[in-house]
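Structural overview
As a plain string of letters, each chain reads:
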Amino acid sequence: KVKFFGLSELTRQIGSDEFDITFDGETFGDALGYLGNRFGTPFRKLIMSDNGEVNPVIQVLRNEEEYLARNKFDCRLAEGDELLFMFMIAGGRD
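Model, not experiment: these values are computed from the prediction.

1. What to know about the packing of aromatic side chains
Inspection of every chain in the model, using the stated rule, returns four aromatic pairs. Ring geometry for F19 and F39: centres 5.2 Å apart, planes at 65°, overall edge-to-face. Linking F19 in strand β2 (residues 18-19) with F39 in helix α2 (residues 28-47), this pair joins segments that are 20 residues apart in sequence. For F19, a relative accessible area of 12% puts it in the buried group.

Here it is in structure tokens:
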């Protein structure tokens with residue numbers, strides 16, 4: 001399952017903020033490749049940086065508890081894993 005949080009421009013273009021995916025492969029990189037092919041330029045432009053890593057303003061969590069490194073494409077995913085893509089939010093007390 002893939003979820004997008006706070007990425008309204010992308011969810012507007014792809015029509016949903018949550019969906020199930022099935023793809024050939026076992027890694028985070030395989031999932032990114034699948035999503036890039038499925039959703040094309042809107043996904044790649046927002047989620048990926050020019051150097052081929054996940055954009056520094058995007059954070060990816062697996063199963064809502066483990067942050068995935070932007071360049072750790074060989075991280076293995078298991079059936080049933082959930083990926084949450086969200087904008088990094090800065091803030092706090094003044």
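On we go from here.
2. As for the sheet that holds strand β4 (residues 66-67)
Strand order in the open sheet made by the five strands is β2-β1-β5-β3-β4, with mixed pairing throughout. The open sheet has two free edges, formed respectively by β2 and β4, since each of these has just one partner strand. Summarising the sheet, strand β3 (residues 58-62) and β4 pair through two bridges and their orientation is antiparallel. Note on β4: the bridge partner recorded for L61 is Y67.

3. Here's the deal with the nonpolar core
Note on soluble globular proteins: their nonpolar side chains tend to be buried together. By size, the foremost hydrophobic cluster in this structure holds 25 residues, and its most contacted members are F4, F28, F43, I47 and F85. Those elements that provide at least two residues to this core are β1 (2-5), α1 (8-14), α2, β3 and β5 (83-87). The leading source of residues in this core is α2, at eight residues. In this view, I47 contacts L7, L10, L32, E53, V54, N55, I58 and F85; residues no more than four positions away in its chain are not counted.

4. Things to note about unusual backbone geometry
Positive phi values are uncommon outside glycine, yet N63 reaches one of about 55°. With respect to the element layout, N63 can be found in the loop between β3 and β4. The phi torsion at E64 lies on the positive side, around 60°, for a residue other than glycine. With respect to the helices, strands and loops of the structure, E64 is situated in the loop between β3 and β4. E64 sits in the exposed class, given a relative accessible area of 53%.

5. Observations regarding the confidence of the model for the protein
Predicted confidence across the protein gives a mean pLDDT of 84, with 91% of residues reaching 70 or more. Within the protein, the lowest mean pLDDT, 74, falls on β1, and the highest, 92, falls on β4.

Parameters at a glance
- Residues numbered from 1 in each chain as written.
- Predicted model: local features only at pLDDT ≥ 70, side-chain atom pairs only at ≥ 80, totals over all residues.
- Heavy atoms only, no water.
- Phe/Tyr/Trp six-rings, centres within 6.5 Å; stacked < 30°, edge-to-face > 60°.
- Helix = DSSP H or I, 4+ residues; strand = E, 2+ residues; numbered from the N terminus.
- Buried < 20%, exposed > 50% of the residue type's maximum accessible area, 1.4 Å probe, protein only.
- Pairing = 2+ DSSP bridges.
- Core = buried A, V, L, I, M, F, W, Y, C linked by side-chain atoms within 4.5 Å.
- Contact = heavy atoms within 4.5 Å.
- pLDDT = per-residue confidence, 0-100.

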